[in-house]
Amino acid sequence: MLLQLEAENKLSLDDSVARWLPGAVDANGYDGSRITLRELLNHTSGLPDFVHDTSFYNSYAANREPDRAWPPQTLVDLGLALQRPSSEPGEKWAYSNTNYVLAGMVIKAATGNHPAIEITRRIIEPLGLRHTVFPTSDPTLQGNYLHGYAYGWLGTVLTDVTVSNVQAMGSAGAMVSNLDDLAAFTRALLDGQLLPPAQEAELKTTVPTGSAGISYGLGISRFQLPCGRWVWSHNGAVLGYFSTWYADDDGSEQVLEANTEYHLQAPTQGQTDTDKGMRDAFCAL
């Protein structure tokens, strides 16, 4: 979305966060005037992840409050309060959902619309993604859907968490879709249907993550499989659900999966096994 807005000259990825959200990132030693939109998207902003805040984590992981409202600025404030800066903006990669919440706030500041409206108008409808929605309040799913499960505190009992607080993750992960729509979106993202050449190049310009062989672009990661093939990839991880996609450079070759258990901690053996199956499947294409 921000890349599309840049292509329309509505903003620049080199704009500071403070240019669009004055005061939103000015606490606990952080300075929004020193962080760019690009650094939000490639996760070099240095901003902590609000998911690690105890009050948020306990509420969301326990699924006690599926209807609780978590305004975007509240999530940002929770993240900023976790710790003082440990690196300069642009210096170090660290994945943080706070970055994507701020990106959603910038979308609203630049367009006047909630990110859900813009994403529906610019991506969901043009691509004909009939089974994809961006819910903003109602935690219930509609139609035929997979149930999501999570292990409890002791790691032995599975609980149905299909109805959970999707609004809590906001523009960092409140999307509901299926594998066919995810595949269609991924193809369109990688083959230039959604972005002009200049923005496509920005999307695929990566920074090191600190993990050997893995780099990160503007919302997608890049790494080499054991068989030698390179893939673009990302996952979506919310309470009860964990999805992943792998694709080649133009999205013409893809492997996708959906797991129906996620408890916000280390992956289960099943998730590890299915990821290996994905890697093997992609290498066999």
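Residues numbered from 1 in each chain as written. Predicted model: local features only at pLDDT ≥ 70, side-chain atom pairs only at ≥ 80, totals over all residues. Heavy atoms only, no water.

Caption draft 1: Focus on the pairing of strand 7 (residues 241-247). Within strand 7, six of the seven residues are buried, which leaves the element mostly enclosed by the surrounding structure. As paired elements, strand 6 (residues 230-238) and strand 7 share seven bridges and run antiparallel to each other. Across the sheet, A237 pairs through a bridge with F242, a residue of strand 7. Counted between consecutive antiparallel strands, the loop separating strand 6 from strand 7 contains two residues, among which G240 sits at a positive phi close to 90 degrees. In this structure, strand 7 lies alongside strand 8 (residues 254-259), joined through six bridges in antiparallel fashion. Among the inter-strand pairings, A247 is bridged to a residue of strand 8, identified as Q254. Linking strand 7 back to strand 8 in an antiparallel pair, the connection comprises six residues, with G251 at a positive phi of about 80 degrees. (Buried < 20%, exposed > 50% of the residue type's maximum accessible area, 1.4 Å probe, protein only. Helix = DSSP H or I, 4+ residues; strand = E, 2+ residues; numbered from the N terminus. Pairing = 2+ DSSP bridges.)

Caption draft 2: Broad picture of the environment of L80. Secondary-structure assignment places L80 in helix 5 (residues 72-80). The buried category is assigned to L80, whose relative accessible area is 2%. Sequence spacing of L80 and P196 is 116 residues, and the spatial spacing of their C-alpha atoms is 34 Å. Other than its neighbours up to four places away in sequence, L80 contacts A24, V25, D26, A27, N28, Y30 and L47. (Contact = heavy atoms within 4.5 Å.)

Caption draft 3: Inspection of unusual backbone geometry at higher detail. The phi dihedral of N9 is positive, around 60 degrees, even though this residue is not glycine. Structurally, N9 is set in the loop between helix 1 (2-7) and helix 2 (17-20). Under the relative-accessibility criterion, N9 is labelled exposed at 71%. Even without glycine at this site, N28 takes up a positive phi of about 55 degrees. For N28, the position within the fold is in the loop between helix 2 and helix 3 (37-41).

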